[in-house]
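Okay, here's what each chain looks like letter by letter:
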Amino acid sequence: MSLTDLKKRPKQPVKRSKVSVDQFIEDADNYAQGKPSASNNPVKSTKATTKFRHCTFTFDASAIDHLQQASEQHKVPKSKLLRLLLKQFDSLSPQQQQALLEESKEP
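Residues numbered from 1 in each chain as written. Predicted model: local features only at pLDDT ≥ 70, side-chain atom pairs only at ≥ 80, totals over all residues. Heavy atoms only, no water.

## A look at the overall build of the protein
Put simply, the rule reads: In this description a helix means any DSSP run of H or I spanning at least four residues, a strand means any run of E spanning at least two, and both kinds are numbered starting from the N terminus. With a 1.4 Å probe rolled over the protein chains alone, any residue whose accessible area is under 20% of its type maximum counts as buried; one over 50% counts as exposed, and the rest are partly exposed.
A tally of helices and strands in the protein yields four helices and zero strands. Along the protein, from the amino end to the carboxyl end, the secondary structure elements read α-α-α-α. The burial tally for the protein puts 7% of its 107 residues in the buried class.

In structure tokens:
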């Protein structure tokens, strides 16, 4: 081994493929859901499709605390937890939904 082998060599730049904004957002959604990255797969169409839309909700401090605690306890993103809860509510009969709503009315 010669001393030239010990010289630091400049790192080769990482070649990254260009992705559209829609592909980037879709990949972020996949990451949040624990799915594999879509950017590693060849894109079949130029128009990316996403099944999620951004929403804004208003919660009181207690609801935010409960949501945060459940998210941390189960290691699930808050958005996924809300989707699961909405799906569970939707699976109830209309009578069960109404009973739950009546039970949880704020004073």
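## As for the side chain of glutamine 97
Defined as follows: Whether two residues are in contact is decided by their heavy atoms, any of which lying within 4.5 Å being enough.
Within the secondary structure, glutamine 97 sits in helix α4 (residues 94-103). Apart from the residues within four sequence positions on either side, glutamine 97 is in contact with Phe89, Asp90 and Leu92.

## Examining helix α2 (residues 61-74)
Let me state the cut-off plainly: Helix span is expected to be 1.5 Å times the residue number reduced by one.
In a regular helix each residue adds 1.5 Å, so 14 residues correspond to 20 Å; α2 covers 20 Å between its end C-alpha atoms and thus fits that length. In the segment just after α2, lysine 75 is the residue with positive phi, at about 55°.

## Re a nonpolar patch on the surface
We apply this condition: Candidates for patches are residues over 30% relative accessible area with no salt bridge; among them, like charges are joined within 9 Å and nonpolar side chains (Val, Leu, Ile, Met, Phe, Trp, Tyr) within 5 Å. Residue burial considers only the protein chains on display, and all accessible areas are found by Shrake-Rupley using a 1.4 Å probe. A carboxyl oxygen of Asp or Glu within 4 Å of a side-chain nitrogen of Lys or Arg is what we treat as a salt bridge.
On the surface, Val19, Val21, Phe24 and Ile25 cluster together to form a nonpolar patch covering roughly 390 Å² of accessible area. Tracing the chain through its elements places isoleucine 25 in helix α1 (residues 21-32).

## Structural notes on unusual backbone geometry
In this structure, lysine 75 takes a positive phi of about 55° despite not being glycine. Inspection of the secondary structure puts lysine 75 in the loop between α2 and α3 (78-91). Relative accessible area serves as the criterion here: at 73%, lysine 75 is assigned to the exposed category.

## Things to note about the packing of α2 against α3
Quick note on the threshold: Only the stretch in contact is used when fitting a helix axis, every axis being a line fitted to C-alpha atoms; angles between N-to-C directions are given from 0 to 180 degrees. If an angle is under 35 degrees, it is roughly parallel; if it is over 145, roughly antiparallel; if it lies from 65 to 115, roughly perpendicular; otherwise it is oblique.
Where α2 contacts α3, the two axes come as close as 9 Å, and the packing angle between them is 105°. Taken as axis vectors, α2 and α3 run roughly perpendicular relative to one another. Touching Leu67, Gln68, Ala70 and Ser71 of α2 are Lys78, Leu81 and Leu82, all from α3.

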